[in-house]
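Descriptive analysis of the structure
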Amino acid sequence: MCANEQLLIAIHKTAEMGMLSTEKIMEVSRDEALKRALSDSREEYKRIWMSADTLLKASDGDDKGVSGMAKAMTDMNIELTAASGGSTEKLLEKLSKGNERGLEELERALSEFGGGAYEETVNLAGALRSLLIRERADLDSALEEGAGPLAPEPRGEDSPRDRV
């Protein structure tokens, strides 16, 4: 597998995980201010993920993305935090840890594969890196200010978990 494809896979997976984690936190949170704050990040992750997906498919690359197990574990972890009376602050801490891991993985991939990747791919990695750094600063700021409680999620017809 060439360096360009390796870097695209790292971008694809990191952006997908950021997008999915942000969506899940928005789903379980009852904090409307948090949802609004995360909405832009989610859209930027989605844009980067779709760009990486398109480039991977164009080069017949491996576009499998994040494994089903990793997605399920992330969802379960976020839902358990919310269900156990977790606060918005606890959810932000989870997002911050995921952000840190994503940035570490991207930095490793850039270091290892960036020199042999196409300019378009390196630029896409740079956009994701900038998003991760900006989001990290926003999360740190929100955690310093303190966050309010997470209202319990309704059960029944209105609950996203109960929809099929």
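Keep in mind it's a predicted model, so treat the numbers as computed, not measured. (Residues numbered from 1 in each chain as written. Predicted model: local features only at pLDDT ≥ 70, side-chain atom pairs only at ≥ 80, totals over all residues. Heavy atoms only, no water.)

**A few points about the confidence of the model for the chain**
Of all residues in the chain, 85% have pLDDT values of 70 or greater, and the mean over the chain is 81. Per-element mean pLDDT across the chain ranges from 75 in helix α3 (residues 68–83) up to 92 in helix α1 (residues 3–28). Per-residue pLDDT stays below 50 along residues 148–164; that stretch engages in 30 contacts with residues further than four places along the chain or on separate chains. (pLDDT = per-residue confidence, 0-100. Helix = DSSP H or I, 4+ residues; strand = E, 2+ residues; numbered from the N terminus. Contact = heavy atoms within 4.5 Å.)

**A few points about the side chain of Lys24**
Looking at the secondary structure, you find Lys24 in helix α1. Judged by relative accessible area, which is 7%, Lys24 ranks as buried. Those residues in contact with Lys24 that lie beyond four places of it in its chain are Asp75, Ile78 and Glu79. (Buried < 20%, exposed > 50% of the residue type's maximum accessible area, 1.4 Å probe, protein only.)

**A word on α1**
The first and last C-alpha atoms of α1 sit 38 Å apart over 26 residues, in line with the 38 Å expected at 1.5 Å per residue. Judged by how many residues are buried, α1 sits mostly within the fold: 19 of 26 residues are covered. (Expected span 1.5 Å × (residues − 1).)

**Quick look at a nonpolar patch on the surface**
There is a patch of nonpolar side chains on the surface, built from Met69, Met73, Met76 and Leu80 and spanning about 440 Å² of accessible area. Looking at where Leu80 falls in the secondary structure, it is placed in helix α3. Take Leu80: its relative accessible area is 53%, and that puts it in the exposed class. (Patch = residues over 30% accessible without salt bridge, like charges linked within 9 Å, V, L, I, M, F, W, Y side chains within 5 Å. Areas by Shrake-Rupley, 256 points an atom, 1.4 Å probe, with all protein chains shown as cover. Salt bridge = Lys/Arg side-chain N within 4 Å of Asp/Glu carboxyl O.)

**Comments concerning the pattern of salt bridges**
Within the structure shown, the criterion is met by eleven salt bridges. With its nearest N and O atoms 3.0 Å apart, the salt bridge here joins Lys24 to Glu27. Taken together, the positions of Lys24 and Glu27, both in helix α1 and three residues apart, correspond to about one turn of that helix. Look at Glu27 and you get partly exposed, because its relative accessible area is 27%. Glu43 is the partner of Arg42 in a salt bridge, and the nearest nitrogen-oxygen pair spans 3.1 Å. Residue classification places Glu43 among the partly exposed residues on the basis of a relative accessible area of 39%. Salt bridges sharing partners connect three or more residues here, namely Glu100, Arg136 and Asp140.

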